[in-house]
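Residue strings, one per chain:
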Amino acid sequence: MANFGTIGLSIAFGMGIYSVVAFFMFNSNRGLKYLLSAKNAVYGTALFTTLSVFAMLYALITGDFSIEYVTQYTSQDLPTIYKLTALWAGNAGSLLFWAWILVLLAALVTVSKENREYIPYASPIMMVVSVFFLFMLNFVSQPFVQLLNPPPDGMGMNPMLQNPGMVIHPVTLYLGYVGFTVPFAFAMAALIMKNPGDQWIKLTRKWTLISWLFLTLGNLFGAQWAYVELGWGGYWAWDPVENASLMPWLTGSAFLHSVMVQERKNMLKIWNMVLIIVTFGLTLFGTFLVRSGVVASVHAFGNSSLGAYFLIFTSLIILAALYLVADRINLLRQGNQFESYISKESSFLLNNLLLVGSAFSIFWGTVFPIVSEAVVGQKIAVGIPFFNQVNAPIGLAFTLLMGICPLIAWRKANFENIAKNFLWPWIIAIIGMLLMVFIGGITKPYALIAYTICVFVISSTLQDIFKGVRVRKKLTGENLIVSLIRLLSKNRRRYGGYVIHMGIVMMIVGITGSNVFNSEAVKTFKPGETAEVGGYTISFKGLQQTSRDNMEVIYADLSVIHNNNDMGNLQVEKVFYSTSEQPMTEPAIISTFKEDLYVLLTGWEDDGTAIFKIHINPQIKWLWTGGWVIVIGVIFALWPGKGSGVGSRYLGRGEVSYGKRVR
Amino acid sequence: MARGFVRKISLTWILLGSFFLLNISPALASTQSDIENSLICPACFAESMSVAACQDSTAQQIKEEIRQKLALGQTKVEIIKTYVDQYGEGILTSPPKKGFNLMAWVIPFLGIMMGGTLIYLALSRWVKVPSVNKSHAKTKPGALDDYYEARVEEEFKKYL
Amino acid sequence: MELVIGLVMIAGAIAIIGYPLIQKDIHNLKVKPAKNIPLGYEQQKEIVMSSLGEIEFDFNMHKLTVDDYQELKALYKERAVQLLKANDKVSGVTEKDLVRKLEEEIEADLKSLKGSDDNEKG
């Protein structure tokens, strides 16, 4: 099996290089056969990488301990699902997984008919990135290294990774990371082809949006994993690795917004190019951070030479891309003009400023320890308080913009109209604020501001939809239901975006509530004792012991009553894995939209007395639910058929434009 | 409305808003967790894990110490200072706002302000109010203009 | 055994990329970029009409001022009229036909009006 995989990877590497060469031959007019051959080479690379991945999966499942990787990350008693996920538990395996997604995506893009004219340039760019990964797999971090004396059993998987969250989190995150290669490749192709219009944006829109969605989910699943597995009651620690996945999300979000200005007004072409280059660069930069060990991180894959390769490759490809932009800058110069300081166009600029500013502040905070060490020789930590304090105001400001921007017209807006459109949302927001103060008893300023802004965004979005229905009804004479359905389904891009905004608002509510109002207590229970914590009546029955698959479990059964409702039983565990000395603390959680009851078993005594740590984390469920709302919004916006695409509509005083045709 | 006036008003609002947001700090729920989040667990320097996040015995011990100190009436600043005196500034999870470390705090906002200025400058180059050209010549009037206009009024609704 | 599989894999790889190369070739063929494909009538119409729809929609949503609305509406309406006229010309509908058709319609309307008047009287 090991040889099989190794051969597969080296063939894939060779074919990858060949495809780039063959595409080049075709582009320098050597004939169509080179294009066909190059395309076949792309499919071949995907095929042989897939073979290697299957070889690895086979080795993992059957427990082929002659392969070092299998020995390092699995053991015989590991459940099958985690044997499979061991593919991305270690350095070499996760690179293999990444490369696999990348080459599959390259094949998918190459085979697609609608991309025909871009393929000779976009495919080789994707293949260059693939070749880099295949190079790493062949020469630097080989997954199929064999052991001379295979041990009878493996070392097992890190217990923290044995969690459903770790099955799905890396997959979604990698899909998000890798997906941004597509718009990047098309952007570069557009530059090489000297076709700087919005065609590349329209062609890659679905890829960009889906990648963005996966990045969103990847981050959320990661947060959820941290929440249910790490047992400190939080979900986001601003660790460099977490930051690495948040930064491309922020710049990617900025890109999704600013391309609308280009599609509509044929402006910001340079900026969009820069944004996609930066976003793509950040996805690679994240990998560099994770693999190099230059920054202290809980998640790091450990020190390895991989980081240097990533740094060099990332720098080279970014420099090449920026050079291309500089070289073609005349093609990218502005066409149209802004007609007013206040318009949807300029509100998108503000949105971009805040999103990119936030990404920049996170970048700065992440690299500051290195900067500080280089300049003053002191390695200082930059942690949660810094990022919270810097990003909270930025985050609130762009939440506010989410409520304002949809109500501003393209081209030119005036104050009277804005005032008219914002009157009710502000009234509702202020009523909401007063209710929160006098009935809800919320006095913390940050929470109050955040909630008020959220109420404002929700009410201004809903108002916009209601008004839209009314106007449509008036113009077409349809009845209320029909005009609501048609309004939404014929403008799916806009209203899908609104749904996504609502998801983000839910997440902001969750983040605010859980950060500002969380509380915790440590309680000691004798067996059979009942106590009240934060409104919950908790009875402790006693400690028990059991063994499962590859672990010994000490657990406590707690029954919980809240407001006279039986909330069921909680099983709080301390898990001793056969392969790890440190026990894992598995929290038990009762989750409602109001708050989470989060209980940890921290210790016990011989007489059966147990010590529990009890967190009450308000509104966390809003954060996860918001993520699902975003999924709905993206699917709604992308659902094929009429209404999901938007050609440029009215432009203004200038020429009536028919836009460019995109097949 | 005068353009200059509009600009001044919006700028003032943006400035006031950002100052306001900057001046209230997002304090966590309790002083206890505030302090726990401000200190690195001395046993976990390599991962720079905060006392709040860390699960090992050193962290548990420090959490207990903080609880006792708070019960004795010490303030957040005092407690954090004790630990800085003991372990050095390396124990802080965030750089102190002085000396070179001030850069950590200032640069992000400086960056955003510069970006804002850049956008403002770009806008003032891009914004051109085209002269209103009301008297643009109509194509020769035909007998059926009314008919066609009515047709347009009907047909565009199908595309709504 | 593994050697054989390895050789088969390499042979397969060479076959995949080599096959197009030994086929008859079309020389100097470039994939033409799809610049400036003229849009069909239906597409042009959709763009102008949906722009008009959006102008009307935005105005009714109080996002456009009256001045802007009137100006934009006139601009796009004119464009739409031109488009319809041009298409009618192409498809052979002459102005005379239209005028006659219109007159017939008006007549028919008048008649039915008269008829209903008569009915009411009767």
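Residues numbered from 1 in each chain as written. Chains lettered and ligands numbered in written order. Predicted model: local features only at pLDDT ≥ 70, side-chain atom pairs only at ≥ 80, totals over all residues.

Points about the overall build of chain C
Moving on, step 1. The secondary structure content of chain C amounts to four helices and zero strands.
Moving on, step 2. Element order for chain C, N to C, with α for helix and β for strand: α-α-α-α.
Moving on, step 3. Buried residues in chain C amount to 21% of all 122 residues. (Helix = DSSP H or I, 4+ residues; strand = E, 2+ residues; numbered from the N terminus. Buried ≥ 20, exposed ≤ 12 C-beta atoms within 10 Å, placed from the backbone.)

Things to note about the sheet that holds strand β6 (residues 584-586) of chain A
Residue and element names in this part refer to chain A.
Moving on, step 1. Pairing is antiparallel across the open sheet formed by five strands, whose spatial order is β2-β3-β4-β5-β6. Edge positions in the open sheet fall to β2 (530-533) and β6, since each of these has one partner strand only. Shown here is a sheet whose adjacent strand axes are inclined to one another by a mean of 30 degrees, direction ignored. (Pairing = 2+ DSSP bridges. Axes fitted to C-alpha atoms, helices over the stretch in contact; angles between N-to-C directions.)

Details of the sheet that holds strand β1 (residues 519-525) of chain A
Residues and elements named next belong to chain A.
Moving on, step 1. Taken in spatial order, the four strands of this open sheet run β1-β9-β8-β7, and their pairing is antiparallel. Both edges of this open sheet fall to β1 and β7 (588-591), since each of them pairs with a single strand only. Each neighbouring strand pair of the sheet contributes to a mean axis angle of 20 degrees, computed without reference to strand direction.
Moving on, step 2. Both strand β8 (residues 595-604) and strand β9 (residues 610-618) contribute to a ladder of nine bridges, which runs antiparallel. Bridge pairing in β9 places V599 opposite I614.

Thoughts on the environment of A381 of chain A
Moving on, step 1. For A381 of chain A, the position within the fold is in the loop between α13 (344-376) and α14 (384-404).
Moving on, step 2. On the basis of neighbour counts, which here come to 23 C-beta atoms within 10 Å, the residue A381 of chain A falls in the buried class.
Moving on, step 3. A381 of chain A sits 13 residues away from F368 of chain A along the chain, and the two C-alpha atoms are 8.3 Å apart.
Moving on, step 4. Apart from the residues lying within four places of it in its own chain, the contact partners of A381 of chain A are P369 of chain A together with I40, S48, G90, L92 and T93 of chain B. (Contact = placed C-beta atoms within 7 Å.)

Remarks on the packing of helix α1 (residues 2-27) of chain A against helix α6 (residues 119-140) of chain A
All names here are of chain A.
Moving on, step 1. Relative to each other, α1 and α6 sit at 155 degrees, their axes nearing to 9 Å. With respect to α6, the axis of α1 lies roughly antiparallel. Crossing hand, α1 versus α6: left-handed. On α6, the residues that touch L9, S10, A12, F13, G16, I17, S19, V20, F23, F24, F26 and N27 of α1 are P120, S123, P124, M127, V128, S130, V131, L134, F135, L137 and N138.
Moving on, step 2. Here the residues of the contact of α1 with α6 are counted per class, giving 16 nonpolar, seven polar and no charged. (Parallel < 35°, antiparallel > 145°, perpendicular 65-115°, else oblique. Left-handed = near helix turned anticlockwise from the far one by under 90°. Nonpolar A, V, L, I, M, F, W, Y, C, P; charged D, E, K, R; others polar.)

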